[in-house]
Amino acid sequence: MNNITAKRPTFVTHLECGLEGDSYPADQLHGLSKAGKPLVVRYDLPAIKAAVTKEELASRPADMWRYREFLPVRQATNIVSLGETVTPLIPVPKLQAGTGQLWVKDEGRLPTGSFKARGICMAISMAKELGVTKVAMPTNGNAGAALAAYATRGGIESYVFCPDDTPEINVREIAAQGAKVWKVNGLINDCGRIVGEGKEAMNWFDISTLKEPYRIEGKKTMGLELADQFDWKLPDVIMYPTGGGTGLIGMWKAFQELKEIGWITDPLPRMVAVQATGCAPIVKAYDAGEEHAPLWENAHTVASGIRVPAAIGDFLILRAVRASGGFATAVTDDAILAAQQEAATSEGVLLCPEGAATLAAYQQELTSGRINANESVVLFNCATGLKYPMPEVTQTLDCTQPVDYSRL
Ligand SMILES: *Cc1c(COP(=O)(O)O)cnc(C)c1O
């Protein structure tokens, strides 16, 4: 961590209820606001502008902490890091429809193989700064894996609850990295209830999606990083596989902050929330013109990371999507699996199912006309495709017999 100096200015002024806007002091442990909604972190943006330049940022090591002035950790010694590297933007011209360029932002390169590392790295660093010693969360897999790794790294005890059909590799990586993990015969919201109701008996801190203020700040680095990578002129459209929506909310927050300090002057990207047709509460609310998204019954999809039947930040997702001129859309599991295969066989890019959902949505919305073939588009691949099932291989070769090469 040679890039992080022990003494550095930090710029957090206070926290704010995302719905009501009432204010909460910084440097204290907070969960939800009084209204039971997510808290968002506010900064002295003019002071950030005066303290750092784009050029200075660019000269720092290529990791998430390059943006430290925009982040909440006060003491560098509290940073719990596993190497949160800048992730590549991979052009995928064979998947592109027209003249508008198409990229995959490959978040699978992060520690624990998913972008959950960004949010959990920040949440655990802040938990450490604020004296937390025990944390708990519900997860569909990747968040729990990141929590296990970062909590262990930071000397914090962790408890993780996952639906019993969570991919086995996720359950195992959670256990392997030092968390206590249970498979629960329900969905993520049932697991969330166990965490919430266990607070008194277990005295743990609930680190569920958006139930503490700092995961958004970690995910915000995706927006800062994109702006930086695109030389502060963002692409036309960002397609984001949306579960709890932390990343979409975080990126939109990053863009607002950058706009406010004048580092971005061009129009902001249209934010597209992508869900699966088997679990599409945000899409339903978007289509109905609602500000909140009621629980989606019988949620199912192969893209387990976006199987979130109820999102506590629903209104923040919907506001960002609408304010950006974007939209919300759902794709079928068949389309997700076909897109996954297409990206792998045409471009050598192994997407996770959630990432593949954004490609399927891109294709679907080119047809519908909601995306234009001359628009530049970024697809988010949120986790390494290696964590997910792949098609079986059945071909064998007998090395004791002559090989008929004409049949290969
Ligand atoms: C968590 C997760 C998502 C959804 O991210 P949110 O920011 O919570 O909406 C998408 N894809 C994968 C692979 C995930 O692990």
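Further up the page is the structure itself.
A. A look at the nonpolar core. With 94 residues, the main nonpolar core has F70, I124, V135, L226, M251, F255 and F380 as its most contacted residues. Here this core takes eight residues from helix α3 (residues 116-129), the largest share from any one element. In this structure, F70 is in contact with Y43, I48, L57, E217, K220, L224, E257, L258, I261 and W263, ignoring residues within four places of it in sequence. Ranked by size, the runner-up nonpolar core spans 28 residues in total, among them A339, A357, L359 and A360.

B. A look at the pairing of strand β11 (residues 270-276). The buried count for β11 comes to seven of seven residues, which makes it a mostly enclosed element. In β11, alternate side chains face the same way, and those of R270, V272, V274 and A276 on one face and M271, A273 and Q275 on the other are all buried. The pairing of strand β10 (residues 237-241) with β11 spans five bridges and is parallel. When the sheet's bridge partners are listed, Y240 is paired in β11 with A273. Inspection of the sheet shows β11 paired to strand β12 (residues 327-331) by five bridges, in the parallel sense. Among the inter-strand pairings, V272 is bridged to a residue of β12, identified as F327.

About the cut-offs
- Within any chain, residue numbers begin from 1 and follow the written order of that chain's sequence.
- With pLDDT at 70 or above as the cut-off, local features in this predicted model cover only qualifying residues; side-chain atom pairs require 80 or more to be listed or tallied, and sums for whole chains, interfaces and linings still use all residues.
- Excluding hydrogens and water, the side-chain values take into account all heavy atoms of the structure.
- The term nonpolar core refers to a set of buried residues drawn from Ala, Val, Leu, Ile, Met, Phe, Trp, Tyr and Cys, joined through side-chain atoms within 4.5 Å.
- Each residue gets one of three labels from its accessible area relative to the maximum for its type: buried under 20%, exposed over 50%, partly exposed in between, using a 1.4 Å probe on protein chains only.
- Runs of E in the DSSP output that reach at least two residues are strands. Runs of H or I that reach at least four are helices, and both are numbered from the N terminus.
- Residue contacts follow a heavy-atom distance rule, with two residues in contact if any of their heavy atoms lie within 4.5 Å.
- A pair of strands is labelled paired if DSSP reports no fewer than 2 bridges between them.

Keep in mind these numbers describe shape, not what the thing actually does.
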